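Chains, contacts and geometry: an overview
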Amino acid sequence: MRLLLDTHAVLWSVLDHPRLSHRARAAVADPGNELLISAVSIFEITLKHRLGKLPEAAPFALDHQAMLADLSWSPLAISNAHAATAGSLDIPHKDPFDRLLIAQSLVERVPLVSVEVVFDGFGVERIW
């Protein structure tokens, strides 16, 4: 199964953080799953690291290509369909990262590994 990881799921997986749920951890560890990492997450991690909000993400932010190669995760670019869907979403909060991840999950028809319960209201299949 193809799975899209929310930004926190990416970091918590890489850092083996205890906040990653057992179900999410099992889904990420399952060799039968193809794990997708969005360009949105790379942008969010790199930006927040540069701003000092994610100091623990230094290895990922400074060399994401090496990290992704080691993890064998598949990159997911932002397409025009993703952008158009994200722009059309009526979301109570205005987080552009969340908008794009929701849109990618919907357009690609892949479950999103995320703690964000608010995503459930948009027809996203969420694993947590």
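Our structure's up above, just so we're on the same page.
Everything numeric here is computed off the predicted structure, so don't read it as measured data.

**Some points on the overall build of the protein chain**
- Within the protein chain one finds seven helices and five strands.
- Along the protein chain, helices (α) and strands (β) appear in the sequence β-α-α-β-α-α-α-β-α-α-β-β when read from the amino end.
- For the protein chain, the C-alpha radius of gyration of 14 Å lies close to 14 Å, the compact-globule estimate for 128 residues.
- Oriented by its inertia axes, the alpha-carbon framework of the protein chain measures out at about 35 × 35 × 25 Å.
- Looking at the protein chain as a whole, 45% of its 128 residues qualify as buried.
- Put simply, of all contacts in the protein chain between residues at least 6 apart along the chain, 60% involve residues at least 24 apart.
- When the accessible surface of the protein chain is summed, it comes to about 6800 Å², and 57% of that surface belongs to carbon and sulfur atoms.
- Each charge class in the protein chain can be summarised by its mean position, and for the 11 positive and 15 negative side chains these summaries are 5 Å apart.

**A short note on the pattern of salt bridges**
- Per the stated rule, a full pass over the model turns up five salt bridges.
- Between Asp 120 and Arg 126 there is a salt bridge, with the nearest N and O atoms lying 2.7 Å from each other.
- When its relative accessible area of 38% is taken as the criterion, Asp 120 is described as partly exposed.
- By sharing partners, the salt bridges in this structure join Arg 2, Glu 34 and Glu 108 into a single network.

**Digging into the side chain of Arg 99**
- Examined against the element boundaries, Arg 99 turns out to sit in helix H7 (residues 96-108).
- Put simply, Arg 99 is tucked away with no salt bridge, and the nearest opposite charge, on Asp 90, sits 5.9 Å away.
- The contact partners of Arg 99, leaving out residues within four places of it in the chain, are Ala 86, Gly 87, Leu 89 and Ile 91.

**Side note on the nonpolar core**
- By size, the foremost hydrophobic cluster in this structure holds 23 residues, and its most contacted members are Leu 5, Val 10, Ile 37, Ile 45, Phe 60, Trp 73 and Val 113.
- Of all the secondary-structure elements, those providing two or more residues to this core are strand E1 (2-5), helix H1 (7-14), helix H2 (22-29), strand E2 (34-38), helix H3 (39-50), helix H4 (58-62) and helix H5 (64-71).
- With four residues, H1 is the largest single contributor of residues to this core.
- Excluding its chain neighbours within four sequence positions, the residues that come into contact with Leu 5 are Val 10, Ser 13, Val 28, Leu 35, Leu 36, Ser 41, Trp 73, Leu 101, Leu 112 and Val 113.
- In terms of nonpolar packing, the next biggest core, distinct from the first, is built from 17 residues, Ala 86, Phe 97, Ile 102 and Val 110 among them.

Calculation criteria
- Numbering of residues begins from 1 in every chain and follows the order in which that chain's sequence is written.
- Thresholds applied to this predicted model are a pLDDT of at least 70 for local features of residues and 80 or more for the giving and counting of side-chain atom pairs; totals over whole chains, interfaces and linings are not thresholded and use all residues.
- The basis for the side-chain values is all heavy atoms of the structure; hydrogens and waters are excluded.
- Only DSSP runs of H or I with at least four residues qualify as helices, and only runs of E with at least two residues qualify as strands; both kinds are numbered from the N terminus onward.
- The quantity called the radius of gyration is restricted to C-alpha atoms. Its globule counterpart is 2.2 Å times the number of residues to the power 0.38.
- Here the term buried applies to any residue with accessible area under 20% of the maximum for its type, exposed to any over 50%, and partly exposed to those in between, with areas from a 1.4 Å probe on protein chains only.
- Here, residues are in contact when the closest pair of their heavy atoms is within 4.5 Å.
- Computed with the Shrake-Rupley method and a 1.4 Å probe, the accessible areas treat only the protein chains shown as cover for residues.
- The convention is simple: Lys and Arg are positive, Asp and Glu are negative, and His and the chain ends are not counted.
- The atoms used to mark charge sites are NZ of Lys, CZ of Arg, CG of Asp and CD of Glu.
- Salt bridges are defined by distance alone: a side-chain nitrogen of Lys or Arg within 4 Å of a carboxyl oxygen of Asp or Glu.
- Buried Ala, Val, Leu, Ile, Met, Phe, Trp, Tyr and Cys residues that are joined via side-chain atoms within 4.5 Å together make up what is termed a nonpolar core.

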